Every structure is written in C-alpha cells, then in structure tokens.
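# Fold and contact review
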Amino acid sequence: MRHHQYNPDFNFVVAPESFNKYTSRELLQYCLGATMYMPGTKEFLPKILNRSIPGLTTMVFCFEDACAEADVPKAEENVLYTLESLSTAVDEGVISQNDIPLIFCRVRSIQQFRSFASRLTPHMAKSLVGINFPKFNSENGDEYYAVLKQLNADLGEILYGMPIIEDPRVAFKESRMQELMSIRAILNKYYDLVLQIRVGGTDFSSCFGVRRGVDYSIYDIMTVRECLVDILNVFTRNNEFVVSGPVWEYFRASKDMMFTDLPKHTLDDYLMKRKPLVNHEVDGLMREVILDKANGFVGRTVIHPSHIKFVNGLQAVTLEEYNDAKQILSSTDGGVHKGENSNKMNEIKPHTNWANKVMMRAMAFGVIENENSYLRLFSETA
C-alpha cells in the first residue's frame, strides 16, 4: 500500500513510502490513516482485487456494532473466504502483498474472538494485520491480548491488537484515571503487539445522551472532550503509543465533492473561518481532523469512502514542518535555533518528540510544499 494513490500525478516534495503488514511496527503504526469500517458480511473481495478504491489503505471487517448477532456466522465465513482468496491471489501473482489494504477484524467478544481465531489458518493470516478489541477495559484486556499472543505463536505470523477505549468506566470521571492507568499497564505488558489505540467517540457521547451536530466538532462536546484529553495524556507521553481519532458520522457523496477548478482561498480560510469548501459534511470532518493533529491524534476511523482522501491528505507534512523536524533531530548541541522560514524557535530537547512524530508522518503520508498543497492533493486536477 501507499497513500494518496487516487491522485498518482501529485508532485510530492518527498513521496510517501510503501507499506504492508510486514513493515516495521515503528512505522506501520503511523500508516493506518483513514481506517474504514464495514460490516463483516460485506463482500469486498472484488473491490480489493480490482483496486476500485485506490485511496483505501486500511479497513476493518466488523463483527460487533455493524453486524447483527444473528449474522456473525455469515460474517465470519465471508471474512475467512476473503482472507484465503487474497493470500491465494498473492501466491498466484494476481496482486502483490503491497496491493492488499491493511485488514483488521473487530471482534464481538472474547468468546467470539476465540471461535474466530480457531478457524484462522497461517495462509489466511498472511492477509490479516490484526484484531480490534471493542469495549477494551481493565477486566477483559489481558485476556484479549493473551489469546492474541497465543494465536501468533500458533500461526507463526504477526497479528497486532488494537484496543478500542470506549468503556463507561473511562467516560465517567470518578473511575476514569484508575481505569486508564490499568489499561496502560496491560498495554505495556503486550507493547510489541499494540499497533494503535482507538477511541469510541460515539460510545462516549452515548453515555451522556449527546451527539455532535455537523456544525460542531467532538472537541465542542465537553464531557467527551475530557475523555479524549485524558486518553491522550495517558497514552501519548513521549510518543509511547499512537492514538487515532474517533469517527465522524456525517457524509454526503456526490460529484460536486471533486474540484474542477482549484479553490482560490487558503485551507484556513475555508475550514477555520467557515468559507464553504467541499460540502457541509466533509468540511466538518476536515475541521475536526485539523484539531486531531493539533492534539496528537494520528488518523481516524471513517465509515464512508468519501472521507478517505481528506483524512489521509491532511496527514501529509508540509515542507516547513519537515525541515524544522530535520533540524531538531540532526542537532548535536541542543539549545535553541531559528526555525524554517525564520518565523519560530526550534528548542531542540522539548521539540524532539514532536519532530519524531512529524518524520514518521512524512514517511507514511509524504511531504508537500505548503498548506495550499493540501487542496491540490484532494483535487482531481493536480
């Protein structure tokens, strides 16, 4: 896989790197970007083989919320068939390993995970990157990862776990910090098997009977914002874990989402000063992604293909960020230096964690000239 293949003619300053499930964990955790969920019953194999969604790099077959309990057996059969067929297609040279999106399965429970795991073969597992653990908490987390660790040993493959933090014990203030620290202890124990941490903004909202409207970001919902802030505080210290942003619920797919002429204003004018850019739903998504990046999230869950290029496009690094990061990481004398464009200070020690994260995003999503280049990256007329 490689990001931004929907716009193959775009001229990057530094092109994004290719990746697949066997890419080093250090980089792969930054590569997921827009992670698209779909019901486990969805027959998606032809779209992968035909490369009909060129921007899609990460997908999750869901056995939980997106799948009725009665449909779980059918969903398992569909996913197992898809994995077997993809691995066979690689064996026969129909596609390469790099043509297969990063595929995950969101299991329904420990019991369903055990059942599904017992049916996986080493051949199927070559096309599976990992398992998403819903409602991950201090009571079920250790068992989830213990089963995963044994599954890796049995299959002789690497399968990662992605805990989804969405439990009411994290939502409610009186239990939140104790619960988060307990979860962190579990994830530290299985550190090499943790690819990303995901968060359930919709589940948190449900705890308080609220739902953000299309004109608001998740950061405007104060009770949910507090949950997200504490999750970032506990898990992103010193870049220990990569945490992805919550799903945006609104979409409108139509041909007017594609630019025939490039917009005339800056991205900031459109998104932060509320000039219309694409449409109400996508503009709201992009405003939230910009706030994600400012707060330390990397990528996010998506539910519609129309979201993919906007989420992944905004993960790209500007040349100014890239050069500042290189300066910080190459400094041997510490101290403070004048940054790129002479408009900021780069304080070497305090900015090192930021610089490391920028360089990983640059490898995964590429380097673009400046913020206006985001608009060209989204467009069909690059």
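Residues numbered from 1 in each chain as written. Predicted model: local features only at pLDDT ≥ 70, side-chain atom pairs only at ≥ 80, totals over all residues. Heavy atoms only, no water.

## Things to note about unusual backbone geometry
Stated formally: Starting at the N terminus, helices and strands are each numbered in turn, a helix being any DSSP run of H or I of at least four residues and a strand any DSSP run of E of at least two. Relative accessibility thresholds used throughout: buried, under 20% of the residue-type maximum; exposed, over 50%; partly exposed, between the two (1.4 Å probe, protein chains only).
We note that Asn 238 has phi near 55°; this positive angle belongs to a residue other than glycine. Considering the arrangement of structural elements, one finds Asn 238 in the loop between helix 10 (222-235) and helix 11 (267-271). The backbone phi angle of Asn 239 is positive, close to 55°, even though this residue is not glycine. Residue class for Asn 239 comes out buried when judged on its relative accessible area of 17%.

## Quick notes on the sheet that holds strand 2 (residues 58-62)
Definition in use: Criterion used throughout: strands pair if DSSP finds at least two bridges between them.
Spatially, 7 strands are ordered 6-5-4-3-2-1-7 in an open sheet, and the strand pairing comes out parallel. Each of the sheet's edge strands pairs with one partner strand only, and the pair in question is strand 6 (198-199) and strand 7 (300-302).

## Points about the packing of aromatic side chains
Under the convention used in this document: We call Phe, Tyr and Trp rings a pair once their centres come within 6.5 Å, taking the six-membered ring for Trp, and we label the pair stacked below 30 degrees between planes, edge-to-face above 60, and tilted otherwise. Sitting over a ring, as applied to charges here, requires NZ of Lys or CZ of Arg to be within 6 Å of the ring centre and within 35 degrees of the ring normal.
If you walk through the whole model with that rule in mind, you get 15 aromatic pairs. With centroids separated by 6.3 Å and ring planes inclined at 40°, the aromatic side chains of Phe 113 and Tyr 144 adopt a geometry described as tilted. Taken together, the positions of Phe 113 in helix 4 (residues 110-119) and Tyr 144 in helix 6 (residues 141-155) put the pair 31 residues apart, joining distant regions of the chain. Seen from their ring centres, Tyr 145 and Tyr 190 are 5.4 Å apart, and the 15° between their planes marks the pair as stacked. Residue Tyr 145 is found in helix 6, and its partner Tyr 190 is found in the loop between helix 8 (173-189) and strand 6; the two are separated by 45 residues along the sequence. Exposure remark for Tyr 145: the relative accessible area of 0% places this residue in the buried category. Judged by relative accessible area, Tyr 190 falls into the buried class, the value being 9%. Taken together, the ring pairs connect Phe 113, Phe 133, Phe 136, Tyr 144, Tyr 145 and Tyr 190 into an aromatic cluster. For the cation-ring pair, Arg 25 lies above Tyr 191, with the distance from its terminal atom to the ring centre recorded as 4.4 Å.

## Examining the pattern of salt bridges
Just so we agree on the cut-off: The salt bridge definition used is simple: a Lys or Arg side-chain nitrogen within 4 Å of an Asp or Glu carboxyl oxygen.
In total, this model carries 24 salt bridges according to the counting rule given. A salt bridge links Arg 106 to Glu 64; its shortest N-O distance comes to 2.5 Å. With Arg 106 in strand 3 (residues 102-106) and Glu 64 in the loop between strand 2 and helix 3 (72-91), this residue pair connects regions lying 42 residues apart in the sequence. Under the relative-accessibility criterion, Glu 64 is labelled buried at 9%. As a salt-bridge pair, Glu 77 and Arg 119 come within 2.2 Å of each other at their nearest N and O atoms.

## Focus: the packing of helix 14 (residues 319-330) against helix 15 (residues 352-365)
Using the following cut-off: Helix axes are fitted only over the stretch in contact, all axes being lines through C-alpha atoms; the angle between N-to-C directions runs from 0 to 180 degrees. Should an angle fall under 35 degrees it is called roughly parallel, over 145 degrees roughly antiparallel, and 65 to 115 degrees roughly perpendicular, with every other angle called oblique. Note: crossing handedness is left-handed where the near helix turns anticlockwise from the far helix by less than a right angle, and right-handed where it turns clockwise. In what follows, a contact means two residues having at least one pair of non-hydrogen atoms within 4.5 Å. Note that Gly is not counted as nonpolar here; it falls among the polar residues with everything else outside the nonpolar set of Ala, Val, Leu, Ile, Met, Phe, Trp, Tyr, Cys and Pro and the charged set of Asp, Glu, Lys and Arg.
Where helix 14 meets helix 15, the closest approach of the two axes is 9 Å, and the angle between their N-to-C directions is 125°. Relative to helix 15, the element helix 14 is oriented oblique. Two packed elements cross with a definite hand, and for helix 14 against helix 15 that hand is left-handed. Note on element contacts: helix 15 touches helix 14 through Thr 352, Trp 354, Ala 355, Asn 356, Val 358, Met 359, Arg 361 and Ala 362, opposite Glu 321, Tyr 322, Asp 324, Ala 325, Lys 326, Ile 328 and Leu 329. When its residues are assigned to classes, the contact of helix 14 with helix 15 shows 9 nonpolar, 2 polar and 4 charged.

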